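Inside the fold
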Amino acid sequence: MIQSITAPRYAHAEGYTALAFGKGGQFVCTGGSDSLVRVFYASKSERDQEAITLEQHSDNVLSLAVSRSKVISGDEEGMVLGFDLGQSAASDSDGLSVEPSGTVHRSTLPARDISISSNERQVAIATDDESIRVVSLLDMAVLHTLVGHRGSVNSVAYSPDSTYLASSGCDGTVRIWDMRDSDPSCVQILPKVAYVCEPGNSMEQYKVRWSPDGRTLAIPCANHSIKLVERNNWDVSALLAGRHTNTICHLAWSSNSKYLASASLDCQVVVWDVAARKAILSHANANALCQVDWNSQGNMLAFSDCTGAMYIWDDVIPVGQGHAAPFERVLADAGGLSSKDKSQAGAIGPANELMSDLFDDTAAVSRAAEDDIDDDDDEGDFLDAGDATADAMDDFVVDDDGAGYAERQAPRWTAVAASEVQCFQPGSTPWVGSRRYLAFTMVGSVVSIAQDESHNTIEIEFYDKSVHRDFHFSDSFKFSMAALSESGCLFATTSRELANDQSLRGSADADEVSVVSYKGFTSWSANSDWTFKLPPKEHPRCIATSSHGAAVVTSLGNLRLFTCGGAQRHIESLPNRVVTCVARGDMLMVILEALGTIRSSGGMKQL
């Protein structure tokens, strides 16, 4: 088998370049000094396709983490952003879509490393201060602040079962945190086990990494070697040395834990056979290397260098020469856990998966969302059954004597059907020329200005300039409604206003996904902005927000309640007679049309 390394693909401007494969090996993600995050297809047949470029960062991207459904990136100004992975709407079923999902965390110092827990509900963030933030990916709240390092933290890594979190500091100390308790604690300190590096220099910020089977932690050391530390007893079980001549800055394990790849400032990528404790392959690059990663589903490596270039190394392991393939699946286990630890690790279930303090019951948030999906299915079955019953009753009365009593006469007055109620958004106006008010309150106003087919401009003006400054932003969603409060602004959109226009309900575009988005006004908040996609065929009818949260009334009769951080905390079924809703403080008022309302050809009247 012939090894092959692609020509350099200059993904970013010159500077430190982060890199990570997707969990399925379909793509490789990069971040660079040009503040861009880019996603490249990894397979040989698709590499020539144009990369997906994400432009949400405004400073150098230093860290990346990829899970099954998310990409999370951190930059030099401390902004950590999230992106949702999905399938493209194009005809190609293997197409990839990457959509921004909002701010995960804001720090005042650079975000050096990111690690996502195995259940994808928590993320650990290492910054240039002495603490580690563990953030909930449900509501972006900071769950824990882990304090103990005496200097900048440059690396974090969850164990594959998320039982432990390993962290390393620029002083060479590695700490192991037990994440099973509601208050995580440091269970092991490995002083000076790694090399001491200069804070603030991205090229020297080394990373520690767990093996996929969960048994071993790999740590770069001061003498250009790698120490392998065994889980639970935390002793150094092996030393990989003799090939590198300069600082080892990044490590990556193959998916079966048989091989370890290391990238160094000596411009070398070295592949180690862990069981044999020796290097079996190496590649000399022209420039100092930044990061390296294995494709979990193939015999493939990717690495980046300080020029902003990305390389893919195909057919890395010479399988035909007696070496095992690097992607044979090995189930992650407790890796030498004691029987007590195994029982505790096995006990990590739905009750303990979430460590958020949101109403002391964040697990209920997930259950509510799952129940909501089930309720939607049941509701659809009930409606279908109702239609069938109505059809069967059409011929129940038979005009067999010609008296005419079976003929249906159109009444002059009819009770308003629940589906015919027209909803409105308080403080909004129709379009006047190219402008319309989306919201007009005692706090300020929200104006949408039409620009072109791709976007509008949103202008938010406050009456009390001493509290908030006016601002505007480009609106690619083309929001159709807004609700304004002292602490934030809630937006919603449905591209064809399907929620109120009955004539469009059966159109081909009726399954378009509607979006709810929130922009917080607290500049130092870690969870100001978020976006929530409603299920297909469910669209917002009216919205409200206050300092205590947000509410959305939808076309399926659902009242969805959110925290200001974006966690959906409650779903309630309402009669489909909602006219509008408003919120203030901890109070929400929902206005429904009275049952006595009747309609004629001249309009509605009240009994």
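Shown above is the structure to which this text applies.
What this report covers is the structure whose coordinates are included nearby. Remember, predicted model here, so these are calculated numbers, not experimental data. (Residues numbered from 1 in each chain as written. Predicted model: local features only at pLDDT ≥ 70, side-chain atom pairs only at ≥ 80, totals over all residues. Heavy atoms only, no water.)

1. Looking at the overall build of the protein chain
Applicable threshold: In this description a helix means any DSSP run of H or I spanning at least four residues, a strand means any run of E spanning at least two, and both kinds are numbered starting from the N terminus. Categorising residues by exposure relies on relative accessible area from a 1.4 Å probe, with only protein chains included: less than 20% of the type maximum marks a residue as buried, more than 50% marks it as exposed, and the intermediate range marks it as partly exposed. It only takes one pair of heavy atoms within 4.5 Å for two residues to be counted as in contact. Per-residue and other accessible areas were derived by the Shrake-Rupley procedure at a 1.4 Å probe size, with only the shown protein chains allowed to occlude residues.
Of the regular secondary structure elements, the protein chain holds three helices and 46 strands. Across the 607 residues that make up the protein chain, the buried fraction comes to 52%. For the protein chain, the proportion of contacts with a sequence separation of at least 24, taken over those separated by at least 6, is 49%. When the accessible surface of the protein chain is summed, it comes to about 27500 Å², and 51% of that surface belongs to carbon and sulfur atoms.

2. What about the sheet that holds strand S21 (residues 226–230)?
Keep this limit in mind: By this definition, two strands are paired if DSSP reports at least two bridges between them.
Reading across from one edge, S19-S20-S21-S22 is the order of the four strands in this open sheet, with antiparallel pairing throughout. Only two strands of the sheet have a single partner each, and these edge strands are strand S19 (209–210) and strand S22 (236–240). By the bridge criterion, four bridges tie S21 to S22 in an arrangement that is antiparallel. Bridge pairing in S22 links Lys-227 to Leu-239.

3. Here we look at the packing of aromatic side chains
To describe a pair of aromatic rings, you give the distance between the ring centres and the angle between the ring planes. This is how the line gets drawn: For Phe, Tyr and Trp, where Trp contributes only its six-membered ring, two rings pair if their centres lie within 6.5 Å, and the inter-plane angle classes them as stacked under 30 degrees, edge-to-face over 60, or tilted in between. The rule for a charge over a ring is simple: NZ of Lys or CZ of Arg within 6 Å of the ring centre, and within 35 degrees of the ring normal.
All told, the structure shown has 16 aromatic pairs when counted by the stated rule. Taken together, a centroid distance of 5.4 Å and an interplanar angle of 75° make the contact between Tyr-437 and Phe-440 edge-to-face. Accessibility expressed as a relative area gives 34% for Tyr-437, which makes it partly exposed. Judged by centre distance (5.7 Å) and plane angle (15°), the ring pair of Tyr-518 and Trp-530 falls under stacked. Of the two residues, Tyr-518 sits in strand S37 (residues 515–520) while Trp-530 sits in strand S38 (residues 530–533), which places them 12 residues apart along the sequence. As far as the burial class goes, Tyr-518 and Trp-530 line up, both buried. Through a chain of ring-to-ring contacts, the aromatic side chains of Phe-462, Phe-471, Phe-473, Phe-477, Phe-479, Phe-491 and Phe-521 assemble into a single cluster. The lysine or arginine in question, Lys-519, covers the ring of Phe-473, its NZ or CZ lying 4.6 Å from the ring centre.

4. Here's the deal with the sheet that holds strand S39 (residues 540–546)
Formally: Note on geometry: axes are lines fitted to C-alpha atoms, helical ones only across the stretch in contact, with angles between N-to-C directions running from 0 to 180 degrees.
Taken in spatial order, the four strands of this open sheet run S39-S40-S41-S42, and their pairing is antiparallel. Looking at strand neighbours, the two that pair on one side only are S39 and strand S42 (568–573), the edges of this open sheet. Neighbouring strand axes in the sheet, compared pairwise and without regard to direction, differ in orientation by 15° on average. The sheet contact formed by S39 and strand S40 (residues 549–554) spans six bridges and is antiparallel. Looking across to S40, one finds that Thr-545 is bridged to Ala-550.

5. So, the pairing of S39
Looking along a regular strand, one sees side chains alternate from face to face of the sheet. Most of S39 sits out of view: seven of its seven residues are buried. Between S39 and S40, which follow one another and run antiparallel, lie two residues.

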